[in-house]
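# Structure assessment
Here is how the chains run, residue by residue.
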Amino acid sequence: MARQPEHLRIGAHFQAADFGTPAEWAQHVLIHPRLGELSGKVFLKDLLGLTGMEVSLGALPPGASMPFLHAHKQNEELYLVVSGEGELQVDGEILPLKAGSALRVAPAGVRCWRALGTEPMTYLVVQAKVGSLEQHTGGDGIVSAVPVRW
Ligand code: ZN
């Protein structure tokens, strides 16, 4: 049975949901418009109301590959591997992946990835419009004058 996000809470300035531990991400099922059911993939944008990025959580069993190559019209992607190992190919160039690997792929990069080794590869993909980031890190943060209390 497909896993559903839990504990969706919505506040004035937040939306929160629990998608399970990385070991549970394989239970998510995405209904893809052309490919049908894809196990081990869930997109967060609509569930969390994201407006400047798309984020997905993914899990691939060892030896499995995404079933298609793809590029993007205007979004760059960050691939961040949480656990396991594998490979990502971009324009035919093959790059190794392991826990902690972070890769940025430009919109035009034609890409695919697969899991290798003996355990599932879990990963995050963050997608945002290329060139859209105007402020970041400390340049966008505002330290509140209210002291921290828990
Ligand atoms: Zn993509």
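### As for the sheet that holds strand β12 (residues 121-129)
Backbone hydrogen bonds hold the strands of a sheet together, and the pairing may be parallel or antiparallel. Strand order across the open sheet formed by five strands is β5-β6-β12-β7-β10, with antiparallel pairing between neighbours. Every other strand in the sheet has two partners, leaving β5 (41-43) and β10 (102-105) as the edge strands with one partner each. When the angles between neighbouring strand axes are averaged without regard to direction, this sheet yields 15°. Taken together, the four bridges between strand β7 (residues 75-83) and β10 define a ladder with antiparallel strand orientation. Paired with Leu-78 across the two strands is Arg-104, which belongs to β10.

### Quick notes on the coordination of the zinc ion
The protein atoms donating to the zinc ion are His-70 (NE2), His-72 (NE2), Glu-77 (OE) and Glu-77 (OE), with metal-donor distances spanning 2.0 to 2.6 Å. For the zinc ion, all donor residues lie on one chain, and their spacing in sequence is H-x1-H-x4-E. As far as the burial class goes, His-70 and Glu-77 line up, both buried.

### Concerning the pattern of salt bridges
Evaluated as defined, the whole model comprises four salt bridges. A salt bridge links Glu-76 to Arg-104, with the shortest nitrogen-to-oxygen separation between them at 2.8 Å. You can see Glu-76 sitting in strand β7 and its partner Arg-104 sitting in strand β10, a full 28 residues away along the chain. Among the ionic pairs, Arg-111 bridges to Glu-77, the shortest N-O distance being 2.6 Å. Residue Arg-111 is found in strand β11 (residues 111-116), and its partner Glu-77 is found in strand β7; the two are separated by 34 residues along the sequence. By relative accessible area, which is 4% here, Glu-77 ends up buried.

Analysis parameters
Residues numbered from 1 in each chain as written. Predicted model: local features only at pLDDT ≥ 70, side-chain atom pairs only at ≥ 80, totals over all residues. Heavy atoms only, no water. Pairing = 2+ DSSP bridges. Helix = DSSP H or I, 4+ residues; strand = E, 2+ residues; numbered from the N terminus. Axes fitted to C-alpha atoms, helices over the stretch in contact; angles between N-to-C directions. Donors = N, O, S within 2.8 Å, 3.2 Å for Na, K, Ca; no water. Buried < 20%, exposed > 50% of the residue type's maximum accessible area, 1.4 Å probe, protein only. Salt bridge = Lys/Arg side-chain N within 4 Å of Asp/Glu carboxyl O.

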